Amino acid sequence: MITTYMIEPAHSSAHFKVRHLMIANVRGEFSKVSGKVTVDSSNPAASEVTAEIDVNSINTREPDRDTHLKSGDFLDVAKYPTIKFQSKKIEPDGPEGYKVTGDLTIRGVTHEVVLNVTGPTPEIKDPWGYSRRGAAAIGKISRKEFGLNYNPLLETGGVVVGDEVEISLEVELVKAG
């Protein structure tokens, strides 16, 4: 049976973590996530995930840093207002998870990434009669592969921003229709 769910933006978010000054991690989130998940319960490998993130919704709890991240030095939100993901392959990974391989597009550059997904949870009915499920995903990317190259050198020989970015998503899905 094929069931379509929409990512519910009010209860979903995308988070990231990256090294700063080679001594600590900086975390941030994108609060506007949307998309669609088509679940084929008889053949999970035939399921499909599409997601879109509004880059303007970035929040690192530091307005000046958020402005810099939106600039041409990093995400260039004026030219590239969205980050997109399109699944290509879904494989079981243990009793309650999947490896979802897909194309991630940031700043107009697309690379294949693998997300380790926990869920989806069993479907529940909410108090308003809608059917919902939840899922979480985690993965890592190289920011330089996506053209995010800004990185002044430190006097000690290190860099301001690490290359590896950990991404995580928390999504709530609402059955379409």
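In case you missed it, the structure is sitting above this.
Fair warning: this is a prediction, and the values are worked out from it, not measured in the lab.

Right, let's get into the overall build of the protein chain. Scanning the protein chain from N- to C-terminus turns up one helix and twelve strands. Beginning at the N terminus, the succession of helices and strands in the protein chain can be written as β-β-β-β-β-β-α-β-β-β-β-β-β. For a compact globule of 177 residues, the expected C-alpha radius of gyration is about 16 Å, and the protein chain comes in at 17 Å, within 12% of that figure. Referenced to the eigenvectors of the C-alpha coordinate spread, the extents of the protein chain come out at roughly 60 × 30 × 30 Å. Considering the protein chain as a whole, with its 177 residues, one finds that 40% of them fall into the buried category.

Attention now goes to the nonpolar core. Among soluble globular proteins, nonpolar side chains are generally buried collectively. Formed by 36 residues in total, the largest nonpolar core has its most connected members in Phe30, Leu104, Ile106 and Ile141. At five residues, the largest contribution of residues to this core is made by strand E12 (residues 161-175). Discounting chain neighbours no more than four positions away, the residues touching Leu104 are Ile83, Lys84, Phe85, Val109, Thr110, His111, Val113, Ile141, Phe146 and Ile167.

This part is about the side chain of Asp66. Relative to the assigned elements, Asp66 resides in helix H1 (residues 63-70). At 5.0 Å, Arg65 is the nearest oppositely charged side chain to Asp66, a buried residue that forms no salt bridge. What Asp66 contacts, discounting residues up to four positions off in sequence, is Ile58, Asn59, Thr60 and Arg61.

Reading guide: rules and limits
- Residues numbered from 1 in each chain as written.
- Predicted model: local features only at pLDDT ≥ 70, side-chain atom pairs only at ≥ 80, totals over all residues.
- Heavy atoms only, no water.
- Helix = DSSP H or I, 4+ residues; strand = E, 2+ residues; numbered from the N terminus.
- Rg over C-alpha atoms; globule rule 2.2 N^0.38 Å.
- Buried < 20%, exposed > 50% of the residue type's maximum accessible area, 1.4 Å probe, protein only.
- Core = buried A, V, L, I, M, F, W, Y, C linked by side-chain atoms within 4.5 Å.
- Contact = heavy atoms within 4.5 Å.
- Lys, Arg positive; Asp, Glu negative; His and termini not counted.
- Salt bridge = Lys/Arg side-chain N within 4 Å of Asp/Glu carboxyl O.

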